[in-house]
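# Fold and geometry: a report
What follows is the residue order along each chain.
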Amino acid sequence: MHETVKDEAERKQVTVLFADVSGSMDLAEQEDPEEWRKIMQRFFSVLADTVTRFEGTVDKFTGDGIMAIFGAPVAHEDHARRACYAALQMLDDVAEYAAELRRAKGLNFSTRIGVNSGEVVAGAIGEGGGSYTAIGHTVGLAQRMEALAEPGKAYLTEHTAKLARGYLDLRDLGEFEIKGASRPVQVFELAGVGEARSRLDLARERGFSRFVGRERELARLEQALDRANAGEATAVGVVAEPGIGKSRLYLEFLERCRSEGVEVFQAQGQAHGKAIPFMPILQMLRSFFGIADNEPEQQAREKIAGRALLLDPAFAENLPLMFDFLGVPDPERPVPQISPEARQRSLAEVLCRLVGKPSRRKTLMLVFEDLHWVDEGSQAMLNGLIDGFGGTRTLVLFNYRPEYTPPWADSDCFEALELAPLRREDTRELLRDLAGEDPSLDGLDEPIHERTGGNPFFIEEIVRELAEAGYLEGERGAYRLARPIEDAGVPVTVQAVLAARIDRLDADAKQLLQVASVLGKEVGERSLAMAAGLGPEAMEAALRALVEGGFLYEAQLYPERLLAFRHPLTREVAYGTQLAEQRAATHTAAARALIELEGPERYDELSALIADHLRQGGETLEAARWSARAAHWSGHARPHDALRLWRQVMTLVAELPEDEETAALAVHSRLLQLQYAWRVGMNREEEGRLAAEAEEIALRRNDLHSRVLLRVATSVRPGLDHHADEWLAAVRETVELADRTGDRHLRAAVRSAGAYAYLCAGDFGGFEAALDELLELVGDDGSVGAGIILGSPIAWGLMGKGMVRREQGRYEEAEELFDRALRLTLEEDDPETASWVRSNQAGLLAIRGDIAGGLAVARRNCELTDRLGDVFSRSLALTNLGWVHLMAEENEAALEAMEEAERLYREEMGSGGEMEGWRAQMRARALLAVGRNAEALEAAEYSVRISRERGMLWNYPVALLNLARARAACGLGGVGEALAEATRIARQTGAVSLLGDIEKETEVLAPSL
Ligand SMILES: Nc1ncnc2c1ncn2[C@@H]1O[C@H](COP(=O)(O)OP(=O)(O)OP(=O)(O)O)[C@@H](O)[C@H]1O
Ligand SMILES: [Mg+2]
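Predicted model only: the values in this text are computed from it and were never measured. (Residues numbered from 1 in each chain as written. Chains lettered and ligands numbered in written order. Predicted model: local features only at pLDDT ≥ 70, side-chain atom pairs only at ≥ 80, totals over all residues. Heavy atoms only, no water.)

### As for the side chain of Arg751
Along the chain, the position of Arg751 falls in helix α30 (residues 744-760). Reaching out from Arg751, the side chain makes a polar contact with the side chain of Asp739 at a distance of 2.9 Å. If we ignore the near neighbours within four places in the chain, the residues touching Arg751 are Val735, Asp739, Glu773, Leu774 and Leu777. (Helix = DSSP H or I, 4+ residues; strand = E, 2+ residues; numbered from the N terminus. Polar contact = N/O pair within 3.5 Å; in protein donor to acceptor, adjacent residues only side chain to side chain. Contact = heavy atoms within 4.5 Å.)

Below, the structure is given as structure tokens:
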């Protein structure tokens, strides 16, 4: 086991303690300075010794007191507890010395102590690596606690209380306004040692969570007990990382054993236990003789003698030694003077005889917990015990963490039992018990299992932390999710455990782990070595330590070794321990390693990662360039990612001075965000702001190209609710403007975007003319204008023409055009345009009688658009699915799909868009089909009204047809008028196929006319 003191500074979770002598100034005047110095020195050494005893670090002497840190340089998972124990000890020791001074010199001394826990930056701080110290707000607050404390008292903040509660007895003093703290701080007085000795005691106090899994391990323990019952003495060692459930497993097992009449005695190691020799043995003996904590000495001696002599009268000669060892020496029978070694030998022998009486009928069970903290003396005694207990009815249960190996590991009577993390289903059950079954919690068990690696302690703490931080609302066992948990931090209790494990690594391994944490969840060995700057041998050794220690595992061996974090929490903690500056340097090194080690053919897919490292490394311009590359690469296939990345480019560029390149990026990033706005949704205000900012830069820099694209984004694109005439005017103007740039790509892109306006206006001729112009401009070079506004202009042109053919009732031609369009989109890997083509294909198949085929295409299309995440395409696909359902006479399903489409679009876009009228008349039909006539009428009227108001003549006649149907169904008049108007407009636009529908409907509705 290594303990490293790094010479660089780190962020650490620690507890800071300040202690001083109150009133020392007045006191100093009463006393001769030399004498005074002696007193103060004695006082300091009392404090400093106590700090050292609990493995804290004396940070500095403050003139009339000290500052100490617990948990740094080497992290201790129980740093808060250690500080509290030290504080109690200091109060006692100082009081004792003060009493002495009062008696001898009439001086009045007392101490005040302040304690606080939290993050500090700790290390050798100052020029040329000054001495080790901690700085940060946490330190200041500890000092304030000291100033606040009454003489002879220790005050803690809520932060320490959170970690120490249960283990220590705390008195709540309420909230205090503290200078320098942004909100009132809850202050506690340290009143003494608490009831809880271990984490499990604490868990008991809070109410145990339901015990899950562990069937196999319990069975193994049962078998061991059977052997012991049969006189075959056995020792079992349960080994696992902290929090996996070693103690809980024993607790459950012991409960069963006790109910079967087995005698059980227990001892519990303590993290600071090495400081107290023989603690576990003493505990075991006290438990064996049934001595309570504050048992009067005489009574304790009686219990010891009574039990020992009953077992074997020969113990009489050992009684003085036993009394002395157990802290209740008999004044009448002093211990003979012997060497410490001889004393220890005799004690070990006594212990063996107590346990190992072959004639004993009842099985004896001894449980020693947390052997990794055992002191040497106790270890030696345990060795003696295991050597000598053969042939007795004894079961000895140990548990310990992986860093400890018991010396009797190879002994025949010993069995090691490795406790694995909880299985997925156990985690699920535990979470059900802790959090409940509210539907809002669905899907939470996966990420929590992943994050915690199935460690039940981490799971419990995370749930508690989520509840305390307001992510979960309600009561334990019956929570509701109040907001997503992605950004929830690591609970301090869990941090303490993990940080302590990390600090036990040697310097290289720890550094490697920190670098790995910066690089990612999963990292390639070569980039890791490069970023860490370790040579092959050091690298190999460090990696081995990390893999063996269970921090990393080999996720892949070939073609390159990939290392992954075993649980994400370790990564978060390793990441969090580094200073921002150090982390930034590692991020930059990681980006450079990726760029250097990977071939350019992988740059696209790595671009987001590289950009992210550069951004966090503070290389802003490079980060912006790589983000732009990543955004382009995500494109229409992953619109959400693309939007996020363009936003990132914008934010990065904002930090840089304006020049040619940054100005272009600034405009571009805004334009492209606007391109995604109509696809995935954005609030209007943000959209307006982006447009205004882009316009300002483009004008200032005389950038016509960008201004054209901006026009598209603000007045040509789909999703605006202006009148068709206005829309068309904007299209014409923008096309003209694009032509002025002479840029073929831009001209094609603008035409493809603008053509849609003609279709919506019901000007099929204009639509087709615009598409033909587009197709001619592009020729057979599919790259012209591609990906600027739409993915593949050619595919879109062919599809559009197909739509016109469909309106004209020329289905075969339409089908052929759709087929060609689809093939192109697949070749060009343009899932967005593909989804529009499929939407059209599905409907056409159904119109032509292939309902099953139509349904299959429509369903598949919905799945694909779901994955795409683009709201525009998804709502289109859903409405079309509804339409096909309607033709299949699956009316409820039809309505459901259409309502989902409507809800989705409105929710994400905040308005209905240009397809609002179309969706409304579809819904009207579906509502009619399920007999909700009044609602159908309302939807149809709405559709007619807005189509007329906005001049959307493609939809207007269809809306009228459905209005006629709805009126008829409601027994209202005006059916004939609606049909006549529909006919008139359909004739005007050339919607031949629709005319057929109207005619059919007229016959059906004849009776209501
Ligand atoms: N199988 C289980 N089902 C439900 N809860 C469990 C289970 N195992 C452990 N726990 C809970 O997880 C927490 C941690 O368990 P425990 O204290 O036994 O861990 P440990 O392995 O002894 O850790 P340490 O090494 O720190 O002593 C406890 O609150 C315990 O109740
Ligand atoms: Mg334990």
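Having put the structure on the table, let's press on.
### Observations regarding the site of ligand 1
Close to ligand 1 lie 22 residues; Arg199, Gly243, Lys246, Arg401 and Glu460 are nearest. At 2.8 Å from a nitrogen atom of ligand 1 is found a main-chain nitrogen or oxygen belonging to Val212. Within the backbone of Ile244, an N or O atom sits 3.4 Å from an oxygen atom of ligand 1. Relative to its unbound accessible surface of 630 Å², ligand 1 loses 97% to contact with the protein. Secondary structure elements with two or more residues in the shell around ligand 1: α6 (199-206), α8 (246-259) and α16 (456-468). Residues of the shell around ligand 1, tallied by class, amount to nine nonpolar, four polar and nine charged. (Near = heavy atom within 4 Å. Areas by Shrake-Rupley, 256 points an atom, 1.4 Å probe, with all protein chains shown as cover. Nonpolar A, V, L, I, M, F, W, Y, C, P; charged D, E, K, R; others polar.)

### Concerning the sheet that holds strand β12 (residues 394-400)
Across the sheet, which stays open at both edges, the five strands sit in the order β10-β11-β12-β9-β13 with parallel pairing between neighbours. A strand with exactly one partner marks an edge of an open sheet, and here the two such strands are β10 (263-268) and β13 (414-418). Looking at each pair of strands side by side, their axes are set apart by 15° on average, direction ignored. Along the sheet face, helix α13 (residues 376-388) touches β9 (234-239), β11 (364-369) and β12 and points at about 150° away from the line of β11. (Pairing = 2+ DSSP bridges. Axes fitted to C-alpha atoms, helices over the stretch in contact; angles between N-to-C directions.)

### A few points about the nonpolar core
Counting residues in each nonpolar core, the largest one holds 145 residues, and the members touching the most others are Tyr756, Phe767, Trp796 and Met799. If sequence neighbours within four positions are ignored, Tyr756 has contacts with Pro718, Trp727, Phe767, Trp796, Phe872, Glu914 and Met915. (Core = buried A, V, L, I, M, F, W, Y, C linked by side-chain atoms within 4.5 Å. Buried < 20%, exposed > 50% of the residue type's maximum accessible area, 1.4 Å probe, protein only.)

### What about the packing of helix α17 (residues 492-503) against helix α21 (residues 568-576)?
How two helices pack is summed up by the angle between their axes together with the distance between the axes. Packing of α17 against α21 brings their axes to within 9 Å, and their N-to-C directions diverge by 75°. Classified by the interaxial angle, the pair formed by α17 and α21 is roughly perpendicular. Contact with α17, carried on its side by Val494, Gln495, Leu498, Ala499 and Ile502, involves Leu569, Thr570, Val573 and Ala574 of α21 and no other residues of that element. Along the lines of polarity and charge, the residues of the contact of α17 with α21 split into seven nonpolar, two polar and no charged. (Parallel < 35°, antiparallel > 145°, perpendicular 65-115°, else oblique.)

### What about the state of the cysteines?
Summed over all chains, the structure comprises zero disulfides. Distance from the sulfur of Cys413, which forms no disulfide, to the nearest cysteine sulfur (Cys352) is 12 Å. (Disulfide = S-S within 2.5 Å.)

### As for the pattern of salt bridges
Counted under the stated rule, the structure contains 89 salt bridges. Residues Glu560 and Arg526 are paired through a salt bridge, measuring 3.4 Å at the closest nitrogen-oxygen approach. Taken together, the residues span a long stretch of sequence, with Glu560 in the loop between β17 (552-556) and β18 (562-565) and Arg526 in helix α19 (residues 525-532) at a distance of 34 residues. Glu560 sits in the buried class, given a relative accessible area of 19%. (Salt bridge = Lys/Arg side-chain N within 4 Å of Asp/Glu carboxyl O.)

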